[in-house]
Amino acid sequence: MKKILITGGAGFIGSHVVRLFVNKYPDSQIFNLDKLTYAGNLENLKDVEHKPNYKFVKGDITDATFINNLFNQEKFDSVIHLAAESHVDRSISNPLEFVQTNVIGTVNLLNAAKEIWKDNLANHLFYHVSTDEVYGTLGEEGLFTEETSYDPHSPYSASKAASDHFVRAYFDTYKLPVVISNCSNNYGPNHFPEKLIPLCIHNIKNNKPLPIYGKGENVRDWLFVEDHASAIDVIFHNAKLGSTYNIGGHNEWTNIDVIRLLCKIMDKKLGRAEGKNEKLITFVKDRAGHDLRYAIDSTKLQNELGWKPSLQFEEGLEKTVDWYLANEEWLSHVTSGNYQTYYDKQYVQR
Ligand code: NAD
Ligand code: DAU
């Protein structure tokens, strides 16, 4: 049985990747290594936790001794690395935590993989899951390609850029078999309600203000999370070693248009009068260093590996709203405890 380690598997994207791999590859042993920070939630994986090819390991990627022992014990064949601190606003208040998890955590994993694979690098892969934010911001025109220079602006994107550089350095220096993908904004079920779309779904449900940074003119390229997971599957199995793939939805929206569409969908779903939810839109102080526009050119992935997104945005957004409305318990668990403290600090006291 091949042993595949997925880090950050209890988080938003990681849980969709774990589910896909556990169900699709019953002859592989899927290990989910996660520290269970505020963003990690084993409820995301209830439907696969009983499967014989799934194993959860609670642990911290910043703890090198723990990571080395785990790799020595389990001798993983491959790694898909998603564990990270992922929220830009939190990186602005606490940059060092992002350096620790995203940079040092990644280097710990690279070192452990290098050590156990050193006698035979064949048939192994270290797959690093990264973001389009490493490329910085676009003006009104153009798309990020795999050749776009790195130009990160937030502590989050700077830490992800640093981790990407380390992954490439281990390929060049030690011939560690690696691949990197840089994806645009994901949305879908299990998204923690600190990010724009799930935060607004939660607030619309509760008739609370929808905080839009600045004028809402910033543009993001949205991809349904299951399409990201399917791209990761395709890249994991077919990528050329040492290469990079951009993943995106060819689906650019200004923030204000996304939220207007969401309001409309939720007017219908909640049986509210048309236009009622839009009245909740509130423009608030802009995010510091706010990137204007992200847009991905995923031609390489489409042409070389034949991947393409499966869902239109309107369809995916409706599916997402349905999931949140059907999973009130999930939402109430993740918004209890520290969530309110974070929310007040981020939105009420600033
Ligand atoms: P998330 O915040 O929902 O989940 C991160 C997971 O990592 C959580 O389960 C958390 O418990 C775990 N984790 C954090 N620190 C850890 C540590 N020290 N040790 C072990 N586990 C730890 O993040 P996400 O949105 O699912 O993103 C996953 C990955 O994909 C990240 O690397 C992120 O940079 C990247 N990415 C995200 C998006 C997006 O739109 N969300 C887009 C492109 C790339
Ligand atoms: O592009 C990929 C990245 O997408 C990932 O690497 C990150 O992990 C992920 O969090 C996401 O980053 P963004 O900063 O783009 O996502 P977020 O949902 O935080 O914000 C989306 C846009 O909405 C952004 O322009 C900021 C704006 N926004 C966000 C929040 C939370 C608001 O206007 N109001 C809000 O309350």
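Right above here is the structure, for reference.
Values in this document were obtained by computation on a predicted structure and should not be read as measured data.

1. Side note on helix H2 (residues 64–74)
Point 1. When H2 is considered as a whole, its buried residues turn out to be Ile 67, Leu 70, Phe 71 and Glu 74. Along the long axis of H2, the arc covered by the buried residues comes to 95 degrees, so they all point the same way. Residues Thr 65 and Gln 73 are exposed on H2 and point more than 90 degrees away from its buried face.
Point 2. In the core, the buried residues of H2 are packed alongside strand E1 (2–7), strand E2 (28–34), strand E3 (54–58), strand E4 (78–81) and helix H4 (95–117).

2. What about helix H6 (residues 196–205)?
Point 1. Counted residue by residue, H6 has 8 buried out of 10 residues, so it is predominantly covered.
Point 2. All buried positions along H6 are accounted for by Ile 197, Pro 198, Leu 199, Cys 200, Ile 201, His 202, Asn 203 and Ile 204.
Point 3. Tucked into the core, H6 has its buried residues touching strand E7 (186–187), strand E8 (210–213), helix H8 (255–269), helix H10 (313–326), helix H11 (328–334) and helix H12 (339–348).
Point 4. Backbone geometry just downstream of H6 places Asn 207 in the positive-phi region, at approximately 55 degrees.

3. Structural notes on the pattern of salt bridges
Point 1. One pass over the structure, following the stated rule, counts 14 salt bridges.
Point 2. Among the ionic pairs, Lys 35 bridges to Asp 60, the shortest N-O distance being 3.5 Å. Of the two residues, Lys 35 is situated in the loop between E2 and E3 and Asp 60 in the loop between E3 and H2; the sequence distance between them amounts to 25 residues.
Point 3. For Lys 35, a relative accessible area of 42% translates into the label partly exposed.
Point 4. The exposure class of Asp 60 is partly exposed, given its relative accessible area of 21%.
Point 5. Ionic contacts of the salt-bridge type, sharing partners, join the residues Lys 3, Lys 55 and Glu 74 into one network.

4. Some words on the packing of H6 against H12
Point 1. At their nearest, the axes of H6 and H12 sit 14 Å apart, and the two run at 100 degrees to each other. What the angle tells us is that H6 and H12 run roughly perpendicular. Between H6 and H12, the residues in contact are Leu 199, His 202 and Asn 203 and Tyr 339, Tyr 343 and Tyr 347, respectively.
Point 2. Grouping the constituent residues of the contact of H6 with H12 by class yields 4 nonpolar, 2 polar and no charged.

5. Comments concerning the site of ligand 1
Point 1. Every one of the 28 residues lining ligand 1 counts as a neighbour, but Ile 13, Asp 34, Ser 86, Tyr 156 and Lys 160 are closest to it.
Point 2. At a separation of 3.1 Å, a nitrogen atom of ligand 1 approaches a polar backbone atom of Lys 35.
Point 3. Across the complex, the protein chains shield 96% of the 840 Å² of accessible surface that ligand 1 would expose by itself.
Point 4. The element best represented in the shell around ligand 1 is strand E5 (residues 125–131), accounting for 3 residues.
Point 5. Residue composition of the shell around ligand 1, grouped by class: 12 nonpolar, 12 polar and 4 charged.

6. A short note on a nonpolar patch on the surface
Point 1. A contiguous nonpolar patch, built from Leu 96, Val 99 and Ile 104 and spanning about 250 Å² of accessible area, is present on the exposed surface.
Point 2. Relative to the elements of secondary structure, Val 99 occurs in helix H4.

7. Section: the packing of aromatic side chains
Both the distance between ring centres and the angle between the ring planes are used here to describe each pair of aromatic rings.
Point 1. In total, this model carries 21 aromatic pairs according to the counting rule given.
Point 2. With a centroid separation of 5.9 Å and 70 degrees between ring planes, the pair formed by Phe 192 and Tyr 339 is classed as edge-to-face. Taken as a pair, Phe 192 in the loop between E7 and H6 and Tyr 339 in helix H12 lie far apart in primary sequence, 147 residues in all.
Point 3. Look at Tyr 339 and you get buried, because its relative accessible area is 5%.
Point 4. Three or more aromatic residues joined by ring pairs make a cluster, and in this case those are Tyr 38, Phe 192, Tyr 213, Tyr 339, Tyr 343 and Tyr 347.
Point 5. Just above the ring of Tyr 343 sits the side chain of Lys 208; from NZ or CZ to the centre is 4.3 Å.

8. So, the side chain of Ser 157
Point 1. Tracing the backbone shows Ser 157 in helix H5 (residues 155–174).
Point 2. Within polar-contact distance, the side chain of Ser 157 engages the backbone nitrogen of His 153 at 3.3 Å.
Point 3. If we ignore the near neighbours within four places in the chain, the residues touching Ser 157 are Glu 133, Val 134 and Pro 152.

9. Here we look at the site of ligand 2
Point 1. Taken together, 24 residues surround ligand 2, and among them Asp 132, Tyr 156, Arg 287, His 290 and Tyr 347 come closest.
Point 2. Between ligand 2 and Tyr 156 there is a distance of 2.6 Å, counted from an oxygen atom to a side-chain nitrogen or oxygen.
Point 3. Here an oxygen atom of ligand 2 and a side-chain polar atom of Arg 287 are 2.6 Å apart.
Point 4. Coverage of ligand 2 by the protein amounts to 95% of the 690 Å² it exposes when considered alone.
Point 5. Residue assignment for the shell around ligand 2 shows that the elements contributing at least two residues are helix H3 (88–93) and E8.

10. Overview of the environment of Val 179
Point 1. Within the secondary structure, Val 179 is located in strand E6 (residues 178–183).
Point 2. It is 12 Å that separates the C-alpha atoms of Val 179 and Asp 233, two residues lying 54 residues apart in sequence.
Point 3. Each residue touching Val 179, except ones within four places of it in the same chain, is listed here: Leu 125, Phe 126, Tyr 127, His 128, Ile 235, Ala 239, Lys 240, Ser 243 and Tyr 245.

What counts, and at which threshold
- Residues numbered from 1 in each chain as written.
- Chains lettered and ligands numbered in written order.
- Predicted model: local features only at pLDDT ≥ 70, side-chain atom pairs only at ≥ 80, totals over all residues.
- Heavy atoms only, no water.
- Buried < 20%, exposed > 50% of the residue type's maximum accessible area, 1.4 Å probe, protein only.
- Helix = DSSP H or I, 4+ residues; strand = E, 2+ residues; numbered from the N terminus.
- Arc of directions from axis to C-beta.
- Contact = heavy atoms within 4.5 Å.
- Salt bridge = Lys/Arg side-chain N within 4 Å of Asp/Glu carboxyl O.
- Axes fitted to C-alpha atoms, helices over the stretch in contact; angles between N-to-C directions.
- Parallel < 35°, antiparallel > 145°, perpendicular 65-115°, else oblique.
- Nonpolar A, V, L, I, M, F, W, Y, C, P; charged D, E, K, R; others polar.
- Near = heavy atom within 4 Å.
- Polar contact = N/O pair within 3.5 Å; in protein donor to acceptor, adjacent residues only side chain to side chain.
- Areas by Shrake-Rupley, 256 points an atom, 1.4 Å probe, with all protein chains shown as cover.
- Patch = residues over 30% accessible without salt bridge, like charges linked within 9 Å, V, L, I, M, F, W, Y side chains within 5 Å.
- Phe/Tyr/Trp six-rings, centres within 6.5 Å; stacked < 30°, edge-to-face > 60°.
- Lys NZ or Arg CZ within 6 Å of the ring centre and 35° of its normal.

What is shown is where atoms sit, not what they do.
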